[in-house]
Structures are given as C-alpha cells and as structure tokens.
Amino acid sequence: ILRFLIAKNNMEIPSMHILNSGINSLFNSDDQSGEIKWSNHIIKRFNGRIYFLSMNSVMPYDSSDNIFWSINRRIDLKDPVGSIEAKFTNGEGISSKKCSENLSIKFRKEGEKIRLNGSHHSKTLKKFLNEKKVLPWARDKIPLIYDNQELICVGDLWTNQNFIADSSERSFLIQWNTEMKIL
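What you see is a predicted model; the values in this text were computed from it and never measured.

What counts and how
- Residues numbered from 1 in each chain as written.
- Predicted model: local features only at pLDDT ≥ 70, side-chain atom pairs only at ≥ 80, totals over all residues.
- Heavy atoms only, no water.
- Pairing = 2+ DSSP bridges.
- Helix = DSSP H or I, 4+ residues; strand = E, 2+ residues; numbered from the N terminus.
- Salt bridge = Lys/Arg side-chain N within 4 Å of Asp/Glu carboxyl O.
- Buried < 20%, exposed > 50% of the residue type's maximum accessible area, 1.4 Å probe, protein only.
- Disulfide = S-S within 2.5 Å.
- 1 Å grid on protein atoms, 1.4 Å probe; cavity = no way out; pocket = protein on both sides within 12 Å on 5 of 7 lines; lining within 4 Å.
- Points joined across faces, edges and corners; volume = space filled by probe spheres on them.
- Contact = heavy atoms within 4.5 Å.

Caption draft 1: Examining the sheet that holds strand E12 (residues 150-154) more closely. Pairing within the open sheet is antiparallel, and its 5 strands lie in the order E4-E8-E11-E12-E13. Among the strands making up the open sheet, the edge pair consists of strand E4 (67-70) and strand E13 (158-159). Where strand E11 (residues 144-147) meets E12, 4 bridges bridge the pair, whose relative direction is antiparallel. Each bridged residue has a counterpart across the sheet, and for Ile145 the counterpart in E12 is Cys153.

Caption draft 2: Geometry of the pattern of salt bridges. In total, this model carries 7 salt bridges according to the counting rule given. Between Lys123 and Glu131 there is a salt bridge, and its shortest N-O distance comes to 2.8 Å. Taking the relative accessible area as the measure of exposure, Lys123 reaches 27% and is therefore partly exposed. When its relative accessible area of 42% is taken as the criterion, Glu131 is described as partly exposed. The network of salt bridges with common partners includes Arg74, Asp76, Glu85 and Lys87.

Caption draft 3: Expanded view of the state of the cysteines. This model, assessed by the stated rule, comprises 0 disulfides. Take Cys99: it sits in no disulfide, and the sulfur closest to it among the cysteines is that of Cys153, at 8.6 Å. By relative accessible area, Cys153 is classed as buried at 1%.

Caption draft 4: Just the layout of surface pockets, in detail. Estimated volume of the largest pocket: approximately 330 Å³. If you go around the largest pocket, you meet 15 residues; those closest to its centre are Ser57, Pro80, Glu179, Met180 and Lys181. Top contributing element to the lining of the largest pocket by residue count: strand E3 (residues 49-54), with 3 residues.

Caption draft 5: Summary view of the pairing of strand E8 (residues 102-106). Counting buried positions along E8 gives 4 out of 5 residues, so the element sits mostly inside the fold. Pairing of E4 with E8, which is carried by 4 bridges, proceeds in the antiparallel orientation. Within E8, the residue paired with Ile67 across the bridge is Ile105. As judged from the 3 bridges shared by E8 and E11, these two strands associate in the antiparallel manner. Residue Ser104 lies in a different strand from E11, and its bridge partner there is Tyr146.

Caption draft 6: Quick peek at the environment of Ile174. Tracing the chain through its elements places Ile174 in strand E14 (residues 170-177). On the basis of relative accessible area, Ile174 is assigned to the buried category, the value being 12%. For Ile174 and Ile84, which are 90 residues apart along the polypeptide, the C-alpha to C-alpha distance reads 6.9 Å. Not counting residues up to four positions away in its chain, the partners in contact with Ile174 are Trp69, Ile84, Glu85, Ile94, Ile145, Cys153, Gly155 and Asp156.

Dropping the structure here:
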C-alpha cells in the first residue's frame, strides 16, 4: 500500500531496505513525528496522518531579515512562502487607523505572542500553533506581520484582536497567496 501511495504522489520508489526500516519509524514510533527519508523525498507522520513531501518543503526557512512592506503594494517572498497583499474594504479584517501603512514581515523564531479574538490575555505563538495542529514543518514559513513591535496577524489565518476593524471603519484583509499546506 505504501509503495502504491508513493507512486501516486509521483515520488521515486525507495529501496526495500529504506522502506522496511522506515515503516517501523513511520508507524510504530511513539512520538508524533515518524518519518521515512530517501533521495529528495520524505514521508512524515503528524497527528495520525501521513504526508508525502519533497525534502525542500520540510527544510527550515532561512529569513533572519525584517522585511518592510507597504500595504499598498503586493510583496513577493522567497519560495515556498508565496506573496502577501492587502485587499481594502470596510468593517472587516484589520483596522487601517489602528496600524500604519508600513508594516514588517518576520518569520517565527521563539517567544512571539498574540492576543486572539475573545481572549483576555496573549498566548505564545508556539502554544497556539500546537493547539491548532499546524504542520510542524510549515510553522517557520508562515509570515508574521508586525506594526512596530506588535504582532498584528499570522499570515491570513489569525489576527490580533487589538487590530480588528470596527463594523464601519476603513480596513484591509491580508491575502496570503501560497501553495503550502499549513493545517
């Protein structure tokens, strides 16, 4: 069955030695993240599911830079992240008066906090991503959008409640164009 699924995912078939030794890791490991690696391919297990991936998609994302973004322009980010743009509207998304037009985009390091809708206090991003069962290999590739030092939103997935627009005010929605699977 596994060989059939590998072929269906357009991956080269690994040797029987790799497949046999990897099956034990993939299905019998006690931890959440068993895997089989070969060539430029990897099969990972997370939260009771298996994922057929290229090695490039699980490599850590290298971006230590602050990326400055004017919300009036689309910004293309390194592969596989995609691009970000703002769609202007009224009364939904992020308030235009609660943040500036010049924001910065960063990527997860450690210790980021966000205050989500309905919460009385902030939560660490690490804990939040764990609760939402975000794929571990995608977590460092999600763009974090900041106004000064405050985290406004996590991609187009979640928004800091301090920046949510009131029903009649000028606002914008973040549109994150990516082909990555996150959840």
